[in-house]
Every structure is written in structure tokens, then in C-alpha cells.
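Report on the structure
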Amino acid sequence: MSRTVLVLNGPNLNMLGTREPATYGHETLADVCALCARTAVEHDLVVEFRQSNHEGEAIDWIHQARGRCAAIVINPGAWTHTSIAIRDALTASDVPVIEVHISNVHARESFRHHSYISGMAVAVLCGFGTHGYRLALEHVGHLLNKKG
Ligand code: DQA
């Protein structure tokens, strides 16, 4: 059974570390990538870590996960609140999805309170900082071990 996980980051997350540090912290996306790689080793997972500012590119990567990846961990960034296309792609992929947000979106502006993704995700993590990525991957490991 596949133990490959697509960890997909949406728009502006390439700016992590310099972008609004009071909200998103000082860690860079490279730090998050390294955290995911460490967590993957601990849980016998293979992580494909990606980021795009282009919705079509992200949709193509989601489609390519179909039949190949055991899970998708996605921080969709602002697409969370705007994109039915990303949700439809995730549904079409037929791969379990865990939605991650670094910040607690519910404690922020009201336009961040609605997610197009949460209704089809198996789990949602927000407000854990970058640690949320680690928690999401640990949960994937847990789910896969349960399946045997
Ligand atoms: C975010 C929250 C979104 O509202 C925002 O647009 C982002 C990052 C987070 O990780 O907290 O780009 O997904």
C-alpha cells in the first residue's frame, strides 16, 4: 500500500518567515519542508512537498495524486476561502485530505471563517503553527497503520 503523502501549499506560503511574522511566525517554507521530511522518516512515509501560487498547477498536482498517494495534506492558503475548483480537484482525486492552517483562521477576519475544503476533509488543523504539518503527518501514519 502506498505511504506517499502529497504536502501541498497554496499561494503566498513561499513567503513564510518574512510574511506577517506576527501571524505566521519566523519559520520559512524550507523549515516546514525539513519538518515534514523528519516526520516522514519517523512514520515510514514518503513526502512530496510542493508549493504553488498558481491554482491550475496545484490542481494538476492534486489530480496526479489519484491512485498514487495515501493522503494529501494541504494548506490551501487563501484558496481555502475562494476555490470550489480546489475542492472539486481534491474530491476527484479520491485521496483522504487533511486541511492545515498555521494560524487560527476562526480567530481572524470573518472572511477566513468559511472553508470550501473542510466539508470534504477527513481532518482539519488550525492554529498549531507549523507544528500542524507534523500533527497531520502523524495522523496519516496512524490511519495507515490502522488499515494494516
Ligand atoms: C492560512 C490562512 C489563510 O486564511 C491565509 O489566506 C493563508 C494562510 C494559514 O496557514 O493560516 O494564506 O492558510
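The coordinates are above.
The structure contained in this document is the topic of the report that follows.

Rules of the game
Residues numbered from 1 in each chain as written. Predicted model: local features only at pLDDT ≥ 70, side-chain atom pairs only at ≥ 80, totals over all residues. Heavy atoms only, no water. Buried < 20%, exposed > 50% of the residue type's maximum accessible area, 1.4 Å probe, protein only. Helix = DSSP H or I, 4+ residues; strand = E, 2+ residues; numbered from the N terminus. Arc of directions from axis to C-beta. Contact = heavy atoms within 4.5 Å. 1 Å grid on protein atoms, 1.4 Å probe; cavity = no way out; pocket = protein on both sides within 12 Å on 5 of 7 lines; lining within 4 Å. Points joined across faces, edges and corners; volume = space filled by probe spheres on them. Nonpolar A, V, L, I, M, F, W, Y, C, P; charged D, E, K, R; others polar. Near = heavy atom within 4 Å. Polar contact = N/O pair within 3.5 Å; in protein donor to acceptor, adjacent residues only side chain to side chain. Areas by Shrake-Rupley, 256 points an atom, 1.4 Å probe, with all protein chains shown as cover. Sits in = over half its atoms within 2 Å of the grid points. Phe/Tyr/Trp six-rings, centres within 6.5 Å; stacked < 30°, edge-to-face > 60°. Lys NZ or Arg CZ within 6 Å of the ring centre and 35° of its normal. Salt bridge = Lys/Arg side-chain N within 4 Å of Asp/Glu carboxyl O. Disulfide = S-S within 2.5 Å.

What about helix α3 (residues 55–65)?
Buried within α3 we find Ala58, Ile59, Trp61, Ile62 and Ala65. Within α3, the buried residues cover an arc of 160 degrees as seen down the axis, which keeps them to one side. Its buried side turned inward, α3 meets β1 (4–9), β2 (46–51), β3 (71–75) and α4 (84–93). Trailing α3 by a residue or two, Gly67 shows a phi angle of about 75 degrees, which is positive.

Let's talk about the layout of surface pockets
Of the voids in this model, the largest pocket is the one considered here, and its volume is about 170 Å³. Around the largest pocket, the lining is made up of 16 residues, and of these Arg19, Tyr24, Gly77, Ala78 and Arg112 lie nearest the centre. Partitioned by chemical class, the residues of the lining of the largest pocket number six nonpolar, seven polar and three charged.

Section: the site of the ligand
Every residue close to the ligand is listed here: Arg19, Tyr24, Asn75, Gly77, Ala78, His81, His101, Ile102, Ser103, Val105 and Arg112. The side chain of His101 places a nitrogen or oxygen atom 2.8 Å from an oxygen atom of the ligand. Between Ser103 and the ligand, the recorded distance is 2.6 Å, taken from a side-chain N or O atom to an oxygen atom. Protein chains bury 99% of the 320 Å² of accessible surface belonging to the ligand in isolation. When atom positions are compared with the pocket grids, the ligand is found to occupy the largest pocket. Across the shell around the ligand, the residue classes tally to four nonpolar, five polar and two charged.

Focus: the packing of aromatic side chains
With the rule as written, the count across this model stands at zero aromatic pairs. Directly above the aromatic system of Trp61 lies the positively charged group of Arg50, at a separation of 5.1 Å from the ring centroid.

Observations concerning the pattern of salt bridges
A complete count under the given rule lists seven salt bridges for this structure. Arg3 is paired through a salt bridge with Asp44; the nearest N and O atoms lie 3.8 Å apart. With a gap of 41 residues between them, Arg3 in the segment before β1 and Asp44 in the loop between α2 (29–42) and β2 connect regions that are remote in the sequence. For Arg112, the salt bridge is made with Glu109, and the minimal N-O distance between the two is 2.7 Å.

Concerning the state of the cysteines
Two cysteines, two sulfur atoms, one covalent bond between them: this is a disulfide. Enumeration over the complete set of coordinates arrives at zero disulfides. Here Cys33 stays free of any disulfide, with the sulfur of Cys36 as its closest cysteine sulfur at 6.8 Å. Taking relative accessible area as the criterion, Cys33 reaches 31% and is therefore assigned partly exposed.

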